[in-house]
Number of protein chains: 2
Amino acid sequence: MEAKEILKAHVAKLALLTNEQFDYFFSHFKKESFKKGQAVITEGDPVDCEYFVISGCLKSFYINDDLKMFILQFAMPTWWASDYNALYSHTRASINVDCIADAEVLCLTNGDREKLCSELHNVEHFFRWRTNKGYVAAQKRLLSFMNNDAKHRYEELLKLYPELYNMVPKSLIAAYLGVSRETLSRLYHP
Amino acid sequence: MEAKEILKAHVAKLALLTNEQFDYFFSHFKKESFKKGQAVITEGDPVDCEYFVISGCLKSFYINDDLKMFILQFAMPTWWASDYNALYSHTRASINVDCIADAEVLCLTNGDREKLCSELHNVEHFFRWRTNKGYVAAQKRLLSFMNNDAKHRYEELLKLYPELYNMVPKSLIAAYLGVSRETLSRLYHP
DNA sequence: CTTCGAATGTGACGTAGGTCACATGTCCTC
DNA sequence: GAGGACATGTGACCTACGTCACATTCGAAG
């Protein structure tokens, strides 16, 4: 399926756009490709885009003072990724985004998103609902952190995204779960 | 300050409404009062409102199978609270909301919010930005969970909301931080 | 003033998970 | 097919935090 079709199907789930509206909406996106390992957003840099993943996979992550990495999100196809704090408040990136499996993405600048939102009520509706889904998912993950142990969270993640098991190294999954790679390894090799 | 003025000032931070628009917007809210300890949303019940806090304080929380409580959010004045998952997906509540300090709130039904959002582009803009702020805050809290120990998170919380220290029992703060009340107590009484 | 219950402190001990060190396996690349 | 980077397993030990039990403090109701 074409990138345009993928985005169209994704948008249609949350908002009703006419073909003309969607064409106009789509005309603001720029297609880009990233190779595995390539940086997309680097901490400290200005941020001006958000990215809609067509194929491959990105991750957004934070590196603390001890150089330990924590993964906020794996962005699989039809997911969005960016540093939304930096994007909305026009500050420099405080997190990183990079590519973990050769990816095709559609970029939308912050300015274009706001323009589209104010021009097309439908588009603003779409982004409100998309953000709401993200908010609810983040709350669920917070609860899971407080309530469940590492093994439980690991199985939860794999049930949600079985592809991850073969797609990314276990050390990245550990960084998403918030445990060390050794602990993750021992869960099933006691 | 009047409830109406408080809401008006809050909305004005994120969206530009004319006086007429705001009056219309405000006319959909219903004022309600809750006493300390009173339930606002109960797990298993249908949810049809979100609540804007004028005074006092609510909490949203989850009770797990072992009857342990985890607090998702303290809702102080000018904060919103509800079960947004249930609200948006029309399912029954999976979390609870109750009152922890006698509170005055403004209720907005899900139907009215969606009606207002579709009638007034401005209002949809407001809710998109409000939700985005909530999303960014949830991601920050997730990172803090992965990165920081209990003491660090406690001090972070108190810096953000010093009122909480005297307003709510430490056991509730522990339930927000995701540690036992004993551990919280020992942080400063070693 | 007394009494009761909620909130908090604290000791003893258990456990999940972290850290460091090293071994093994795997798949490129030259 | 040798060398090197990366992913994973594993042993020994450490630490933050949980759990249970009991003591203390304090404020509201009688």
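Coordinates for the structure precede this section.
For clarity, every value in this text was computed on a predicted model and none was experimentally measured. (Residues numbered from 1 in each chain as written. Chains lettered and ligands numbered in written order. Predicted model: local features only at pLDDT ≥ 70, side-chain atom pairs only at ≥ 80, totals over all residues. Heavy atoms only, no water.)

1. Description of the interface of chain A and chain B
Stated formally: Contacts are assigned to residue pairs with any non-hydrogen atoms lying within 4.5 Å of each other. Any carboxyl oxygen of Asp or Glu within 4 Å of a side-chain nitrogen of Lys or Arg constitutes a salt bridge here. In this description a helix means any DSSP run of H or I spanning at least four residues, a strand means any run of E spanning at least two, and both kinds are numbered starting from the N terminus. The nonpolar class holds Ala, Val, Leu, Ile, Met, Phe, Trp, Tyr, Cys and Pro. Asp, Glu, Lys and Arg form the charged class, and all remaining residues, Gly among them, are polar.
The interface is formed by 38 residues belonging to chain A together with 38 residues belonging to chain B. Where A:Glu114 meets B:Arg128, a salt bridge forms, and the shortest distance between an N and an O atom there is 2.9 Å. At the level of elements, strand 4 (69-75), helix 3 (84-89), helix 4 (110-119), helix 5 (121-147) and helix 8 (170-177) of chain A are the ones that each hand at least two residues to the side of chain A that touches chain B. Here the side of chain A that touches chain B is built from residues that sort into 20 nonpolar, twelve polar and six charged.

2. Remarks on the relation of the copies chain A and chain B
Stated precisely, the cut-off is as follows: Copy-to-copy alignment: least squares on C-alpha atoms, limited to residues at pLDDT 70 or above in both.
After a rotation of 180° and a shift along the axis of 0.0 Å, chain A superposes on chain B with an RMSD of 0.0 Å. Expressed as an axis order, the relation between the two copies is that of a two-fold axis. Taken as a fraction of all interface residues of chain A, those also at the interface in chain B reach 100%, which identifies the copy contact as same-surface.

3. Digging into the protein's contact with DNA strand C
This is how the line gets drawn: One heavy atom within 4 Å of a molecule or strand is enough for the residue carrying it to be called near that molecule or strand. Polar contacts, as counted here, are pairs of nitrogen or oxygen atoms within 3.5 Å of one another; within protein the pair requires one atom able to donate a hydrogen and one able to accept it, and residues that are adjacent in sequence qualify only if both atoms are side-chain atoms.
In the vicinity of DNA strand C lie 17 residues, with A:Thr183, A:Arg186, B:Lys170, B:Arg181 and B:His189 positioned nearest. Near the protein, within 4 Å, the atoms of DNA strand C are sugar or phosphate in 40% of cases. At a separation of 2.9 Å, a phosphate oxygen of DNA strand C approaches a polar backbone atom of A:Ala150. Here a phosphate oxygen of DNA strand C sits 3.0 Å away from a polar atom, N or O, in the main chain of A:Ser180. If you list the elements that add at least two residues to the surface near DNA strand C, you get helix 9 (181-187) of chain A together with helix 8 (170-177) and helix 9 (181-187) of chain B. Of all the elements, helix 9 of chain B adds the most residues to the surface near DNA strand C, at four residues. Each residue belonging to the surface near DNA strand C can be placed in one class, and the counts come to three nonpolar, six polar and eight charged.

4. Let's talk about helix 6 (residues 150-160) of chain B
All names here are of chain B. Note the following rule: Three labels apply to residues, based on accessible area from a 1.4 Å probe with only protein chains included: buried if under 20% of the type maximum, exposed if over 50%, partly exposed otherwise in between. By definition, the arc is the one covered by directions from the helix axis to the C-beta atoms.
The set of residues buried in helix 6 consists of Ala150, Arg153, Tyr154, Leu157 and Leu158. One face of helix 6 carries all of its buried residues, which in axial projection span an arc of 130°. Set apart from the buried face of helix 6 by more than 90 degrees, the exposed residues are Lys159 and Leu160. Summarising the contacts, the buried residues of helix 6 are in contact with helix 5 (121-147), helix 7 (164-167), helix 8 and helix 9.

5. Considering the pattern of salt bridges
Summed over the entire model, instances satisfying the criterion amount to 18 salt bridges over all chains. Residue A:Glu50 is joined to A:Arg130 by a salt bridge in which the shortest nitrogen-to-oxygen separation is 2.6 Å. Taken as a pair, A:Glu50 in strand 3 (residues 49-63) and A:Arg130 in helix 5 lie far apart in primary sequence, 80 residues in all. Residue class for A:Glu50 comes out buried when judged on its relative accessible area of 1%. By relative accessible area, which is 11% here, A:Arg130 ends up buried. A salt bridge links A:Glu114 to A:Arg113; its shortest N-O distance comes to 2.6 Å. Look at A:Arg113 and you get buried, because its relative accessible area is 0%. Among the charged side chains, a salt-bridge network with shared partners connects A:Glu50, A:Arg113, A:Glu114, A:Glu124, A:Arg130 and B:Arg128.

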